Amino acid sequence: MQFYSTNNKDLRVDLKEAVIRSLPADNGLYMPETITPLPASFWENWREMSLPELGFHVAKQILGDSIPEDALRDIVNEAINFDAPVVKIAEHTHVLELFHGPTLAFKDFGARFMARTMAYLNRDDDSMLTVLVATSGDTGGAVASAFHNVEGTRVIILYPKGGVSDLQEKQLTTLGGNITALEVDGSFDDCQAMVKANFLDRDLMEKYNLTSANSINISRLIPQAFYYFNAARQLEEGKEPVFVIPSGNFGNLTAGLLAQKLGLQVRHWVAATNINDTVPRYLADGNYEPLPSSPTISNAMDVGAPSNFARMKDLFGDDWEAMRENISGLAFGDDETREAIKAVKANTGYTIDPHGAVGILAAEAWHQASPEDECIILETAHPSKFLPTMEEELGKGSVEIPERLACLADLPKEAHQVSNDPKEVQKFL
Ligand SMILES: N[C@@H](CCOP(=O)(O)O)C(=O)O
């Protein structure tokens, strides 16, 4: 399989270049040159497959022969060693729980698959790989966990000062070893711009063997496609889901679109954002005007310039009408989100985190016009990652903290304070 740049379809690179170099020099994003629907033999028994088996077929269909079957099977089996159940919380309303991995967020799918794919692609190369990653909350922890103590790699995580929850911060700043955290005096968009600026300096990229673990890297998106298949098959046969996706950088929604291109039947996509609503505004009027991000209680979605928008545009041939026929965008503020956390608990008994609560609001809005549709809301992270907000709304002790997160609470944070100048990163390379 070859990959092209969204800025130049004539530029073609192989999987190793696309994954290890992450970004084309023209500042586009890599996309697979073809995405062919899965064959009839897959659909005959996809409902009975284990999640890793399903993942293997999806990854194979996207990657072709870029990774031999045995190696690809091992990557998927080792990476996806946790479940993604769908929980029905009300009539026509389901929650896809993506927080059963080691860091309690959907990012574990992408980060664990990526770490193993990179190790495979780099197996004959003994130069140190430097992973740069910007996070607004969950990516950093997942990447730190996936690459911690992996020989031949070091990770530099940039996060906005005061822009992630306390426990998310502990996930990034307590592992030590090959993981370095930079606490940036700026927003997530600054962190993302700092990472990109260093990537676009090709000398630097080659000298330090830089790679990205954000969803600009195509290898992050492939395993995120797995759980759309896994969720859809948990509905009654013949029902096509409306996927409601709490969105920040739009990697999750883009992975869903890849799943659809592979033949998954989806009725509609709903992109749910907090007040950082660049994509809902674009869907409303066709003008793409990123604004500086504002802090919210659903901090992982505090993104002003979503990096995967370039891929979304590419998938719809830069046709705004076509995109809005398939994707609706809805944005909600913190007050409504807080009310939704309480209402979901009171009406269904389910504890939903602030990101999932934004999704619930969007699903409710969707149901106003189409009450019979089966909405599947992606619950992107475990509520305990946002403890203060959850306890403000549901009361102290209302959320159980899984041991793998609770054990970080008293560990000392180790982070370097830096300004939002991209050159700051170079001090740590
Ligand atoms: N929501 C993210 C921001 C980074 O997005 P990514 O999907 O491109 O890694 C986070 O939690 O850090």
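Residues numbered from 1 in each chain as written. Predicted model: local features only at pLDDT ≥ 70, side-chain atom pairs only at ≥ 80, totals over all residues.

- An unreviewed UniProt entry lists the protein chain under the name Threonine synthase, with Rubritalea spongiae as the source organism.
- The Cofactor (unreviewed entry) field of the UniProt record for the protein chain holds the comment "pyridoxal 5'-phosphate".
- Recorded in UniProt for the protein chain, the comment headed Pathway (unreviewed entry) runs: "Amino-acid biosynthesis; L-threonine biosynthesis; L-threonine from L-aspartate: step 5/5." (UniProt positions renumbered as here; feature names shortened; annotations may be inferred.)

1. Some details on the overall build of the protein chain
Point 1. On a plain count of helices and strands, the protein chain comes out with 19 helices and 14 strands.
Point 2. Here the C-alpha atoms of the protein chain give a radius of gyration of 20 Å, agreeing with the 22 Å that 2.2 N^0.38 yields for 429 residues.
Point 3. Overall, the protein chain is about 55 × 50 × 40 Å in size when its C-alpha atoms are taken along their principal axes.
Point 4. Long-range pairs, those at least 24 residues apart, make up 75% of the contacts in the protein chain between residues at least 6 apart in sequence. (Helix = DSSP H or I, 4+ residues; strand = E, 2+ residues; numbered from the N terminus. Rg over C-alpha atoms; globule rule 2.2 N^0.38 Å. Contact = placed C-beta atoms within 7 Å.)

2. Concerning the site of the ligand
Point 1. Around the ligand, a shell composed of 13 residues is seen, among which Thr 135, Asp 138, Thr 139, Ser 215 and Asn 249 lie nearest.
Point 2. It is helix H6 (residues 138-147) that provides the largest number of residues to the shell around the ligand, a total of 3 residues.
Point 3. Split by residue class, the shell around the ligand holds 1 nonpolar, 11 polar and 1 charged. (Near = placed C-beta within 6 Å. Nonpolar A, V, L, I, M, F, W, Y, C, P; charged D, E, K, R; others polar.)

3. Quick notes on the pairing of strand S8 (residues 179-184)
Looking along a regular strand, one sees side chains alternate from face to face of the sheet.
Point 1. Within S8, 6 of the 6 residues are buried, leaving the element largely enclosed by the surrounding structure.
Point 2. Here S8 runs beside strand S14 (residues 416-418); their pairing, made up of 3 bridges, is parallel. Across the sheet, the residue bridging to Glu 183 is Gln 417, located in S14. (Buried ≥ 20, exposed ≤ 12 C-beta atoms within 10 Å, placed from the backbone. Pairing = 2+ DSSP bridges.)

4. So, the pairing of strand S4 (residues 86-90)
Point 1. Looking at chain direction, S4 and strand S5 (residues 93-97) are connected through 4 bridges and run antiparallel. Bridge assignment links Val 86 to a residue of S5, and that residue is Leu 96.
Point 2. In textbook terms, the turn of a hairpin is the stretch between consecutive antiparallel strands, and for S4 and S5 this stretch comprises 2 residues, one of which, His 92, has a positive phi near 65 degrees.

5. Some points on the environment of Pro 246
Point 1. On the secondary structure map, Pro 246 appears in strand S10 (residues 242-246).
Point 2. On the neighbour-count criterion, Pro 246 (31 C-beta atoms within 10 Å) is buried.
Point 3. Excluding residues within four positions of it along the chain, Pro 246 makes contact with Ala 272, Ser 298, Met 301, His 355, Gly 356, Val 358, Gly 359, Leu 378 and Thr 380.

6. Examining the UniProt feature "domain: Threonine synthase N-terminal" (unreviewed entry) in the protein chain
Point 1. When the UniProt feature table is mapped onto this chain, "domain: Threonine synthase N-terminal" (unreviewed entry) is found at residues 2-79.
Point 2. End-to-end, the C-alpha atoms of residues 2-79 are 23 Å apart, and along that stretch the chain is 47% helix and 15% strand.

7. Here we look at the nonpolar core
Burial of nonpolar side chains together is a common tendency in soluble globular proteins.
Point 1. Formed by 129 residues in total, the largest nonpolar core has its most connected members in Val 143, Ile 157, Val 244 and Val 270.
Point 2. At 10 residues, the largest contribution of residues to this core is made by helix H10 (residues 218-232).
Point 3. Contact partners of Val 244, with chain neighbours within four places excluded, come to Val 270, Ala 272, Gly 359, Ala 362, Ala 363, Trp 366, Cys 375, Ile 376 and Ile 377. (Core = buried A, V, L, I, M, F, W, Y, C linked by C-beta atoms within 7 Å.)

8. Considering the packing of H10 against helix H11 (residues 251-261)
Point 1. Between H10 and H11, whose axes approach to 8 Å, the crossing angle comes to 65 degrees. Our classification of the angle between H10 and H11 gives roughly perpendicular. The handedness of the crossing between H10 and H11 comes out as right-handed. Here Arg 220, Leu 221, Gln 224, Ala 225, Tyr 228 and Phe 229 of H10 come into contact with H11, specifically with Gly 251, Asn 252, Thr 254, Ala 255, Gly 256, Leu 258 and Ala 259. (Axes fitted to C-alpha atoms, helices over the stretch in contact; angles between N-to-C directions. Parallel < 35°, antiparallel > 145°, perpendicular 65-115°, else oblique. Left-handed = near helix turned anticlockwise from the far one by under 90°.)

9. A few points about the confidence of the model for the protein chain
Point 1. On average, residues of the protein chain carry a pLDDT of 97, and 100% of them reach 70 or more.
Point 2. For this predicted complex, the interface confidence score (ipTM) comes to 0.98, while the overall pTM stands at 0.97. (pLDDT = per-residue confidence, 0-100.)

10. A look at helix H4 (residues 69-79)
Because an α-helix completes one turn every 3.6 residues, residues spaced three or four positions apart along the sequence face the same direction.
Point 1. Residues Leu 72, Ile 75, Val 76 and Ala 79 constitute the buried set of H4. Down the axis of H4, the smallest arc covering the buried residues is 90 degrees, so these residues share one side.
Point 2. Tucked inside the fold, the buried residues of H4 contact helix H3 (51-63), helix H5 (107-121) and H10. (Arc of directions from axis to C-beta.)

11. Comments concerning the UniProt feature "domain: Tryptophan synthase beta chain-like PALP" (unreviewed entry) in the protein chain
Point 1. Per the UniProt record, "domain: Tryptophan synthase beta chain-like PALP" (unreviewed entry) is annotated on residues 97-367.
Point 2. Between the end C-alpha atoms of residues 97-367 the distance is 21 Å, and the span holds 48% helix and 15% strand.

12. What to know about the packing of helix H15 (residues 334-348) against helix H16 (residues 354-369)
Point 1. Two elements in contact, H15 and H16, have axes separated by 8 Å at closest approach and are oriented at 90 degrees. With respect to their mutual orientation, H15 and H16 come out roughly perpendicular. Counting all contacts with H15, which are made through Glu 336, Thr 337, Ala 340, Ile 341 and Val 344, the residues of H16 involved are Pro 354, Ala 357, Val 358, Ile 360 and Leu 361.
Point 2. Looking at the contact of H15 with H16 residue by residue, the classes come out as 8 nonpolar, 1 polar and 1 charged.

13. A short note on the sheet that holds strand S1 (residues 3-5)
In a beta sheet, neighbouring strands pair by backbone hydrogen bonds and run either parallel or antiparallel.
Point 1. With antiparallel pairing, the 3 strands of this open sheet are ordered in space as S2-S1-S3. Each having just a single partner strand, strand S2 (8-13) and strand S3 (30-32) make up the two edges of the open sheet. Looking at each pair of strands side by side, their axes are set apart by 40 degrees on average, direction ignored.
Point 2. Relative to S3, S1 is paired through 3 bridges, and the arrangement is antiparallel. Looking at S3, one finds that Ser 5 is bridged to Tyr 30.

14. Structural notes on the sheet that holds S10
Point 1. The sheet built from 6 strands is open, its strands ordered S4-S5-S13-S10-S11-S12 with mixed pairing. At either margin of the open sheet sits one strand with a lone partner, and together these are S4 and strand S12 (327-331). Strand after strand, the sheet turns through a mean of 25 degrees between neighbouring axes, direction not considered.
Point 2. Note: strand S11 (residues 268-273) against S12, 5 bridges, orientation parallel. From the neighbouring strand, Trp 269 faces S12, where its bridge partner is Ile 327.
Point 3. Packing of H11 onto the sheet brings it into contact with S10, S11 and strand S13 (375-379), and relative to S10 it is tilted by some 155 degrees.

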